[in-house]
2 protein chains.
Amino acid sequence: MPAAAPKARSPRQSAAASPWAGRRRPREARALKREAVILAAARAFRERGYHNTSLDDLAASLKVTKPTLYLYVPNKEAILFECFRAGLDPLLQTLDECERASGPARERLFAFIRGYATAIVGDFGWCMLRAEDQHLGTAMSRRIKLLKAGIDKRMRALIEAGVADGSIRDCDPKMTAFALAGALNWMGHWYREDATLKPREIAERFIDFFNRGLRGRD
Amino acid sequence: MPAAAPKARSPRQSAAASPWAGRRRPREARALKREAVILAAARAFRERGYHNTSLDDLAASLKVTKPTLYLYVPNKEAILFECFRAGLDPLLQTLDECERASGPARERLFAFIRGYATAIVGDFGWCMLRAEDQHLGTAMSRRIKLLKAGIDKRMRALIEAGVADGSIRDCDPKMTAFALAGALNWMGHWYREDATLKPREIAERFIDFFNRGLRGRD
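Residues numbered from 1 in each chain as written. Chains lettered and ligands numbered in written order. Predicted model: local features only at pLDDT ≥ 70, side-chain atom pairs only at ≥ 80, totals over all residues. Heavy atoms only, no water.

A. Region of interest: the pattern of salt bridges. Residues and elements named next belong to chain A. For the coordinates displayed, the defined rule picks out 33 salt bridges over all chains. Between D152 and R156 there is a salt bridge; the shortest N-O distance is 2.6 Å. Of this pair, D152 and R156 both sit in helix α7 (residues 138-165), separated by four residues, roughly a single helical turn. Take D152: its relative accessible area is 17%, and that puts it in the buried class. (Salt bridge = Lys/Arg side-chain N within 4 Å of Asp/Glu carboxyl O. Helix = DSSP H or I, 4+ residues; strand = E, 2+ residues; numbered from the N terminus. Buried < 20%, exposed > 50% of the residue type's maximum accessible area, 1.4 Å probe, protein only.)

Next comes the structure, spelled out in structure tokens:
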């Protein structure tokens, strides 16, 4: 039985509907506002670059004051980290599901690839890919590296499980995981929302290539 | 007959042996000095980032004055472009060779992949990957995009030639080229010079995966 495809996640709070409008219970309101800050930041970082985006720009785009921003996030580096986490969270949830699912590990790896493709072209994809390159402080860089290394390790384990159950042929799991991650991460670079193929369709073509390779007649 | 593997290129002028020392014919001396500027810049951009590297830093690292730098390059953006070109040149030469070679297109594509893997982890790999993200002027961004698009187009043509000659099975050449380029470009991100596997060995493992895919038993 193939592993269940990861469920579509509900989109995060849209930046358009201001969570500063209307009345809500305090805890819920705070969480929504914090999410709005993170989403607006992710979009600004992607459009203008991290170093070209100031907290003043961000406050202006949310129509709040800079001191208001500080109620939700301590500084710009922390915002970038939260954007990174926001992108990673659904990916980690998909990984959990794929690890728990039954069926051949190759199908579970492919289910993870479907979730990865969707996450990497989403609002937080830029931050997931570029957070590490922004010359962050040592502690922050280390946290990001560790989280990325954790995903890499789990991808390799899925590949190794496939070799063990026979659904994946004998291969170098480390190099295979790097090749898969590279192909998927690169989507965050070239993918445009107005493209003919949706992320899910791109993932299916990638999976067909990853599964059967290029070899025609010898 | 498999396509000839691309020849190893002679390494560029090392930054250690200063081309400002010794006596040479003027034209040769000028070319060497210009190459030394470009190589030193590529290394500085990779280590500290493009925006964190000033022309003053670069002049200091070469032990020359900033006005001396202007004898070879008009500005920092032009240096980044030259770094990009320096990385691209051997890649384009390899592509020429692979296009001209005889033999199945799949083998010629794989020969190109070997050259690509070596170029992307070389001194200019960072600039090849990151030049576009540095918020350059419109004209410069356009030149870089056009050069990249040219390589992508030629990779797709190699894949299409493989489908036509039967050495590559029927596939989506555009998505396949994106997946291949992504896997290779990502090497520029994770590869370290002290790694166990040399770029050529990594390329062989990638090619094995690209060729035969992951599928084991069904």
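B. Structural context of the relation of the copies chain B and chain A. When chain B is fitted to chain A, the best match, at an RMSD of 0.0 Å, comes from turning it 180° and sliding it 0.0 Å along the axis. A rotation of that kind, with that shift, is consistent with a two-fold axis. Across chain B, the smallest distance between a C-alpha and the rotation axis is recorded for G213 of chain B, namely 1.9 Å. In this assembly, 100% of the residues forming the interface of chain B have copies in chain A that are likewise at the interface, indicating an isologous arrangement. (Least-squares fit on C-alpha atoms with pLDDT ≥ 70 in both. Contact = heavy atoms within 4.5 Å.)

C. View of helix α4 (residues 76-100) of chain A. Residue and element names in this part refer to chain A. Taking 1.5 Å per residue as the helical rise, α4 with its 25 residues ought to reach 36 Å, and the 36 Å between its terminal C-alpha atoms agrees with that figure. L88 marks the point of greatest bend in α4, at about 30°, and the proline P90 comes within the next four residues. By the N-cap criterion, in which a side-chain oxygen at the helix start approaches the backbone nitrogen of a residue two or three places on, α4 is capped by N75, the distance to E77 being 3.2 Å. (Expected span 1.5 Å × (residues − 1). Bend = angle between axes of the 7 residues up to and from the residue. Polar contact = N/O pair within 3.5 Å; in protein donor to acceptor, adjacent residues only side chain to side chain.)

D. Local environment of the nonpolar core. Counting 146 residues, the largest nonpolar core has F206 of chain A together with F206 of chain B as its most contacted members. Beyond its immediate sequence surroundings of up to four residues, F206 of chain A is in contact with A183, L184, M187 and W190 of chain A together with M175, F178 and A179 of chain B. (Core = buried A, V, L, I, M, F, W, Y, C linked by side-chain atoms within 4.5 Å.)

E. Molecular detail of the interface of chain B and chain A. The interface of chain B with chain A comprises 47 residues on the first partner and 47 residues on the second. Together, R169, W186 and L214 of chain B form the three largest contributors to the area buried by chain B at its contact with chain A, with a combined 20%. Where chain B packs against chain A, one counts four salt bridges. Here D172 of chain A makes a salt bridge to R205 of chain B, at a shortest N to O gap of 2.7 Å. The interface formed by chain B and chain A holds 16 residue pairs in polar contact (both at pLDDT 80 or more) in total. Looking at the side of chain B that touches chain A, the elements that each hand over two or more residues are α1 (26-48), α5 (105-120), α6 (125-130), α7 (138-165), α8 (173-190) and α9 (199-212) of chain B. If you tally residues by element for the side of chain B that touches chain A, the top one is α8 of chain B, at twelve residues. Within the side of chain B that touches chain A, the residues separate by chemical class into 19 nonpolar, twelve polar and 16 charged. (Buried area = accessible area lost by both parts, 1.4 Å probe. Nonpolar A, V, L, I, M, F, W, Y, C, P; charged D, E, K, R; others polar.)

F. Inspection of the packing of aromatic side chains at higher detail. Taken as a whole and judged by the stated rule, the model has 14 aromatic pairs over all chains. Ring geometry for F112 of chain A against Y116 of chain A: centres 5.6 Å apart, planes inclined by 70°, an arrangement best described as edge-to-face. Placement of both F112 of chain A and Y116 of chain A in helix α5 (residues 105-120) is noted, with a separation of four residues, approximately one turn of the helix. Taken together, the aromatic side chains of F206, F209 and F210 of chain A together with F206, F209 and F210 of chain B make up a single cluster linked through ring pairs. The lysine or arginine in question, R143 of chain A, covers the ring of F81 of chain A, its NZ or CZ lying 3.9 Å from the ring centre. (Phe/Tyr/Trp six-rings, centres within 6.5 Å; stacked < 30°, edge-to-face > 60°. Lys NZ or Arg CZ within 6 Å of the ring centre and 35° of its normal.)

G. Representation of the packing of α5 of chain B against α7 of chain B. Residues and elements named next belong to chain B. Relative orientation of the contacting elements α5 and α7 amounts to 150°, with a least axis distance of 8 Å. It follows from the interaxial angle that α5 and α7 lie roughly antiparallel. Listed contacts from α7 to A105, R108, L109, F112 and Y116 of α5 are I151, M155, L158, I159, A161, G162 and D165. Across the contact of α5 with α7, the residue classes tally to nine nonpolar, one polar and two charged. (Axes fitted to C-alpha atoms, helices over the stretch in contact; angles between N-to-C directions. Parallel < 35°, antiparallel > 145°, perpendicular 65-115°, else oblique.)

H. Inspection of unusual backbone geometry at higher detail. Unlike most non-glycine residues, K63 of chain A shows phi in positive territory, near 60°. For K63 of chain A, a relative accessible area of 76% translates into the label exposed.

I. Structural detail: the side chain of K76 of chain B. Note that K76 of chain B resides in helix α4 (residues 76-100). Comment: no salt bridge for buried K76 of chain B; closest opposite-charge side chain is D57 of chain B, at 7.5 Å. (Lys, Arg positive; Asp, Glu negative; His and termini not counted.)

J. Highlighting the environment of L55 of chain A. Counting through the fold element by element, L55 of chain A comes out in helix α2 (residues 55-62). Dropping the residues within four chain positions of it, L55 of chain A is found in contact with K66, L69, Y70, K76 and I79 of chain A.

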